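Fold and contact review
Residue-level listing of the chains:
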Amino acid sequence: MSQAAAIRTCPTCGLTTAARYCAEDQSPTIVAAAPEKGLREYRTGDLIGHRYRIIEPLGKGAAAIVFATEHIGTGVPIAVKLLSVDPTDDEGMTAVRRFLREARVTASLQHPNTVLVYDAGQDEAGAFFLAMERLSGETLDQVLQRKLIEDQGMTQAEVIEVALPILSALDAAHERGLVHRDLKPANIMLSLTAQGDEVVKVLDFGVARTAGSMLTRGGQMPGAPKYMSPEQCRGKQVDGRSDLYSLGCLLFTCVACRAPYDDREPMRIMQKHVLEPIPDLRKLTKVRLGDAFVELIQSCLA
């Protein structure tokens with residue numbers, strides 16, 4: 001895609017122009033055309049956005065891939081998420097506007113327990129990307145998988161050490177009207193600094209939504225059923241309280257090695273969030289828990 005010669009569109013006001021920035025509102029313009037390259041066509045050595053060289057894939061989903069890359073000018077390690085968004089129809093353009101607007105909000109968080117966002121834009125092949133700090137370490141999900149094998153949940157002290165940084169990161173996001181909506185163990189990284197210190201990082205704020213929005217492109221409901229709030233399960237509008245419910249599910253899982261509600265069918269899990277009472281945590285864990293800690297989790301799940 002020759003973006004330099006293509007007619008570009010301002011996703012904010014809709015103005016068409018050949019310039020890379022809108023003369024009306026200074027927003028970055030985009031090429032409103034279907035991506036020329038599928039996400040799985042990107043290979044090691046390819047450049048994203050003319051500046052991020054792909055080293056290897058880190059993870060992939062139905063509509064996104066995250067690559068380990070390095071900046072070709074500085075050599076700084078960067079994680080780049082490529083999103084599958086087609087801006088040629090109204091729904092796709094709405095998704096682009098939301099993505100660019102919320103990328104700016106996410107980049108403004110600048111919180112020690114939130115993954116730093118450095119850059120966002122449109123790749124030369126037409127895909128949209130989000131460039132973030134690249135972390136080393138393991139996810140909370142990986143920790144819990146080991147605990148499951150050992151048949152022993154995390155201790156109360158261990159869970160509190162993880163919970164406090166998550167709460168701090170959520171507080172900073174909620175102050176800006178940003179709701180994560182997909183809080184789960186796989187999105188919590190126990191990152192190691194160059195000095196060997198462990199820092200808790202909340203991942204995937206790059207696909208968060210502002211309070212009040214409900215659906216992603218194509219009508220897909222975000223979130224993992226085991227950790228979704230009742231209002232998420234019912235397709236209702238959400239705010240910061242939904243994230244606190246998800247945090248309660250996450251903390252419950254840390255000490256019980258199982259989510260509060262589970263089933264083979266995702267829809268049944270969602271029904272349980274809406275209809276069933278809060279399970280008795282003490283009956284589901286071998287870990288010794290204080291009354292205040294149990295009340296905290298019950299309060300999140302109320």
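Every chain is numbered independently, its residues counted from 1 as its sequence is written. Side-chain atom pairs in this predicted model are given and counted only at pLDDT of 80 or more, local residue features only at pLDDT of at least 70, and totals for whole chains, interfaces and linings cover all residues. Heavy atoms from the whole structure form the basis of all side-chain values; hydrogens and water molecules are not counted.

Right, let's talk about the overall build of the protein chain for a bit. A tally of helices and strands in the protein chain yields seven helices and 13 strands. Its C-alpha radius of gyration of 20 Å places the protein chain within 12% of the 19 Å reference for a compact globule of 302 residues. Along the longest, intermediate and shortest principal axes, the C-alpha atoms of the protein chain span 65 × 45 × 35 Å. Put simply, the protein chain has 302 residues, and 46% of those count as buried. It only takes one pair of heavy atoms within 4.5 Å for two residues to be counted as in contact. Sequence separation of 24 or more characterises 56% of the internal contacts of the protein chain that already satisfy a separation of 6 or more. To measure how exposed things are, a 1.4 Å probe is used in the Shrake-Rupley method; for residues, cover is taken only from the protein chains shown. Accessible surface computed for the protein chain: about 14,900 Å², of which carbon and sulfur atoms make up 51%. This count recognises Lys and Arg as positive and Asp and Glu as negative, with His and chain-terminal groups excluded. To locate a charge, take atom NZ for lysine, CZ for arginine, CG for aspartate or CD for glutamate. Side-chain charges in the protein chain split into 34 positive and 38 negative, and the spacing between the mean points of these groups amounts to 3 Å. Only runs of H or I of at least four residues qualify as helices and only runs of E of at least two qualify as strands under DSSP, and these elements are numbered from the N terminus. Note on method: radius of gyration uses C-alpha positions; expected globular size equals 2.2 Å times residues raised to 0.38. Think of it in three bands: residues with accessible area under 20% of the maximum for their type are buried, residues over 50% are exposed, and the middle band is partly exposed, with areas taken using a 1.4 Å probe on protein chains only.

Any carboxyl oxygen of Asp or Glu that lies within 4 Å of a side-chain nitrogen of Lys or Arg is treated as forming a salt bridge with it. Throughout the structure, instances matching the rule amount to 13 salt bridges. One salt bridge connects Glu133 with Lys201, and the closest N-O pair in it is separated by 2.9 Å. Of the two residues, Glu133 sits in strand E8 (residues 128-133) while Lys201 sits in strand E12 (residues 198-202), which places them 68 residues apart along the sequence. Of the charged contacts in the structure, one is a salt bridge between Lys147 and Glu158, with a shortest N-O distance of 3.9 Å. Of the two residues, Lys147 is situated in helix H2 (residues 140-150) and Glu158 in helix H3 (residues 156-175); the sequence distance between them amounts to eleven residues. With relative accessibility at 33%, the residue Glu158 sits in the partly exposed group. Where salt bridges share partners, they join Asp263, Arg268 and Lys272 into one cluster.

Take the number of residues in a helix, subtract one, and multiply by 1.5 Å to get its expected span. For helix H1 (residues 90-107), spanning 18 residues, the distance from its first C-alpha to its last is 26 Å, which sits close to the expected 26 Å at 1.5 Å a residue. Looking only at H1, the buried set comprises Gly92, Met93, Ala95, Val96, Arg98, Phe99, Leu100, Glu102, Ala103 and Thr106.

This paragraph deals with the packing of H3 against helix H5 (residues 240-256). Where H3 meets H5, the closest approach of the two axes is 11 Å, and the angle between their N-to-C directions is 170°. In this view, H3 runs roughly antiparallel relative to H5, as classed from their interaxial angle. Of the two elements, H3 crosses H5, and the hand of that crossing is right-handed. Only Gly240, Asp243, Leu244, Leu247, Leu250, Leu251, Cys254 and Val255 of H5 make contact with H3, whose side of the interface consists of Val159, Ala163, Ile166, Leu167, Leu170 and His174. Residues are grouped as follows: nonpolar covers Ala, Val, Leu, Ile, Met, Phe, Trp, Tyr, Cys and Pro; charged covers Asp, Glu, Lys and Arg; every other residue, Gly included, is treated as polar. Tallied by class, the residues present in the contact of H3 with H5 amount to eleven nonpolar, two polar and one charged. Between N-to-C directions, angles cover 0 to 180 degrees, with each direction set by a line fitted to C-alpha atoms, over the stretch in contact for helices. Each angle receives one of four descriptions, namely roughly parallel if under 35 degrees, roughly antiparallel if over 145, roughly perpendicular if within 65 to 115, and oblique otherwise. Left-handed is the label given to a crossing in which the near helix is rotated counterclockwise from the far helix by less than a right angle, and right-handed is the label when the rotation is clockwise.

Attention now goes to the pairing of strand E7 (residues 117-122). A pair of strands is labelled paired if DSSP reports no fewer than 2 bridges between them. The pairing of E7 with E8 spans five bridges and is antiparallel. Following the sheet pairing, Gln122 is matched in E8 by Phe128. Connecting E7 to the next strand, E8, in antiparallel fashion are five residues, including Gly126 with a positive phi near 105°.

Time to look at the packing of aromatic side chains. Aromatic ring pairs: the centre-centre distance and the angle between the two ring planes describe each pair. Only rings of Phe, Tyr and Trp enter the pairing, Trp through its six-membered ring, and a pair is recorded when the two centres are within 6.5 Å. The plane angle decides the type: under 30 degrees is stacked, over 60 is edge-to-face, the rest tilted. Under the counting rule described, the total for this entry stands at two aromatic pairs. Here the aromatic rings of Tyr42 and Phe67 are separated by 6.4 Å at their centres, their planes lie at 50°, and the arrangement is tilted. Here the residue Tyr42 occupies a position in the loop between strand E2 (16-17) and strand E3 (47-48), and Phe67 occupies one in strand E5 (residues 64-71), the gap between them amounting to 25 residues. By relative accessible area, which is 4% here, Phe67 ends up buried. Look at Tyr52 and Phe129: their rings are 6.0 Å apart centre to centre, the planes differ by 65°, and that puts the pair in the edge-to-face class. Taken together, the residues span a long stretch of sequence, with Tyr52 in strand E4 (residues 52-60) and Phe129 in strand E8 at a distance of 77 residues. With respect to burial, Tyr52 and Phe129 carry one shared label: buried. Geometrically, a lysine NZ or arginine CZ counts as sitting over a ring once it is within 6 Å of the ring centre and also within 35 degrees of the ring normal. Against the face of Tyr42 rests Lys37, its NZ or CZ located 4.3 Å from the ring centre.

Further remarks concern the sheet that holds E7. Spatially, six strands are ordered E3-E4-E5-E6-E8-E7 in an open sheet, and the strand pairing comes out antiparallel. With one partner strand each, in any of the chains shown, E3 and E7 form the two edges of the open sheet. Where E3 and E4 come together, two bridges link them in antiparallel fashion. Directly across from Ile48, in E4, lies its bridge partner Tyr52. The strands touched by H1 are strand E6 (77-83), E7 and E8; relative to E7, the strand with the most contacts, the crossing angle is about 165°.

Okay, the nonpolar core next. Nine residue types can take part in a nonpolar core, namely buried Ala, Val, Leu, Ile, Met, Phe, Trp, Tyr and Cys, and a core is a set of them joined through side-chain atoms within 4.5 Å. Formed by 39 residues in total, the largest nonpolar core has its most connected members in Leu140, Ile166 and Ile188. Contributing elements (two or more residues each) for this core: H2, H3, strand E11 (188-192), E12, H5 and helix H7 (291-301). The biggest single contributor to this core is H5, with nine residues. Those residues in contact with Ile166 that lie beyond four places of it in its chain are Leu183, Ile188, Val200, Val202, Leu247 and Leu250. Grouped together as the second largest cluster of nonpolar side chains are 17 residues, Val85, Ala103, Val115 and Leu130 included.

By themselves, these figures tell us nothing about what the structure is for.
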